[in-house]
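Structural description and commentary
Letter by letter, the chains look like this.
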Amino acid sequence: MRNLLILLVCMTVVTGTAAVSSQDQPLRELAEAHGIYIGAAAQSDLLEGDYAGVLSREFNLLTTEWETKMCVTHPTPSTYDFERTDKLLAFADEHQMIVRGHTLLWHECFPDWLASGDYTREEAIDIMREYIHTVVERYKGRIAIWDVVNEGITDNGLFRSTPWYRMIGEDYIDLAFRFTHEADPDALLFYNDYGAEVLNRKSDAVYELVSELVENDVPIHGVGLQMHLQVGDVGDGRYINREAVTENINRLGDLGLQVHLTELDFKHPGKADESVFERQARDYREVVEICLAAEPCTAIIVWGVTDLYSWRKSFDNNPDAAPLLFDENYQPKPAYTAVQQALAEFTPEDDPA
Ligand code: G3I
């Protein structure tokens, strides 16, 4: 699968030949040598200055952090708004980057007009079909990968009672993938979730869900593991232990699915000191190595370009949150160097066939 990806990346991204051994190369060149994408979540109103410079230099993929969510693209029953997404697409085109559209269906950023309506199952299906076709057809051939459904499974492995679930039933997921594939048959379609990185009740439920989709010939191509983690989560006896993540990735691969690490970041309490940043770096390195060693893993996306705009500042109510690779002054942190070393030093003979 990666050989195909190498061809796709090389055809799409014009860069110098990456000499994997060099550690002064941007992440995107080192990643391309392994046939994987390295990406970042990006925001349309930040695409200038150092933000634009780091994003275009280091990454060959960007994820729309919030611009392609339904509350943004379909704010009223009769209107669509693509202004912000168009800016991200223009940036990606200019810098030979692949775009991951995130996310067509989610229980958050769910438009008020739809939440407050009283729709029959058939009406809800018609609304979903028209919405997905309108958005996905606009970006046909330009958004290469879609998170079709985000966070549809609860932490205890049940269908999350989302508005789509309540209006349509369990088959809302099948329908969403089928509508998206109708709109763009060439796009890669993913199910995306958090807390399903290792072998647990939730990842078993995700595995059962996507196994059934595959068995029913629903057009699904991959699973996104969000990887929103805490510094110290990685290692033997920790949440992210190499064997469990690798087994989880490979069982999804055995279904013919790709796996993307879609929202990688490492939170920490309060203000991090040097020891925290060093542990954060080791954790990032191990996660990158896990992906490189697991053939179905074809993309690593960090959830933001710089600590300055990380969602974690507000979500964790921590103004000193520093979960990413570049600090608030766009300077590379130990985590960046660790990721660069992991990509540079993972020798090709270790690469999956
Ligand atoms: O930047 C605009 C500003 O121009 C505008 O005036 C203002 C109006 O409300 O909105 C601002 O955008 C905010 C955007 O983040 C960028 O900061 C949105 O309000 C805010 O809702 C949006 O939050 C995003 C959140 O999902 C909800 O969509 C976060 O950026 C994003 O990091 C977060 O990402 C989620 C994933 O989709 C799913 N997994 C969990 C992850 C973290 O919650």
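Now for a look at the structure at hand. Since the structure is predicted, the reported quantities are computational estimates derived from the model, not experimental observations. (Residues numbered from 1 in each chain as written. Predicted model: local features only at pLDDT ≥ 70, side-chain atom pairs only at ≥ 80, totals over all residues. Heavy atoms only, no water.)

With respect to the pattern of salt bridges
Pairing between side chains becomes possible if they bear opposite charge and their charged atoms approach one another. To keep it simple, the criterion reads: Any carboxyl oxygen of Asp or Glu that lies within 4 Å of a side-chain nitrogen of Lys or Arg is treated as forming a salt bridge with it. Helical segments are the DSSP runs of H or I of at least four residues, strand segments are the runs of E of at least two, and each set is numbered from the N terminus. Each residue is assigned to one of three classes by its accessible area relative to the maximum for its type, calculated with a 1.4 Å probe on protein chains only: buried under 20%, partly exposed between the two thresholds, exposed over 50%.
Summed over the entire model, instances satisfying the criterion amount to 21 salt bridges. Notably, a salt bridge pairs Arg28 with Glu32, separated by 3.7 Å at the nearest N-O pair. Remark: Glu32 and Arg28 occur in helix 2 (residues 27-33); sequence separation between them is four residues, near one turn of the helix. Owing to a relative accessible area of 9%, Glu32 belongs among the buried residues under this scheme. Two residues, Arg285 and Glu345, come together in a salt bridge whose shortest N-O distance is 2.7 Å. Note that Arg285 is positioned in helix 12 (residues 274-293) and Glu345 in helix 14 (residues 334-345), a separation of 60 residues in sequence.

A few points about the site of the ligand
Stated precisely, the cut-off is as follows: Residues are classed as near a molecule or strand on a simple rule: at least one heavy atom within 4 Å of it. In protein, a polar contact means a hydrogen-donor-capable atom and an acceptor-capable atom, both N or O and within 3.5 Å, with residues adjacent in sequence counting only if both atoms are side-chain atoms; elsewhere, any N or O pair within 3.5 Å suffices. Exposure was quantified through the Shrake-Rupley algorithm and a 1.4 Å probe, taking into account, for residues, occlusion by the shown protein chains and nothing else.
The immediate surroundings of the ligand are formed by 15 residues, with Asp45, Glu65, Lys69, His102 and Glu263 found nearest. In the model, a nitrogen atom of the ligand is placed 3.1 Å from a nitrogen or oxygen of the Glu151 side chain. Gln226 has a polar side-chain atom sitting 3.3 Å from a nitrogen atom of the ligand. Protein contact buries 60% of the 780 Å² of open area that the ligand shows by itself.

Describing the pairing of strand 8 (residues 258-267)
Put simply, the test is: For two strands to be treated as a pair, DSSP must find at least two bridges joining them.
A large share of strand 8 lies buried, amounting to nine of its ten residues. In this sheet, strand 8 lies alongside strand 6 (residues 222-225) in parallel orientation, the contact comprising four bridges. Paired with Gly224 across the bridge in strand 8 is His260. Sheet topology note: the strand 7 (residues 228-230)/strand 8 ladder contains three bridges and is parallel.

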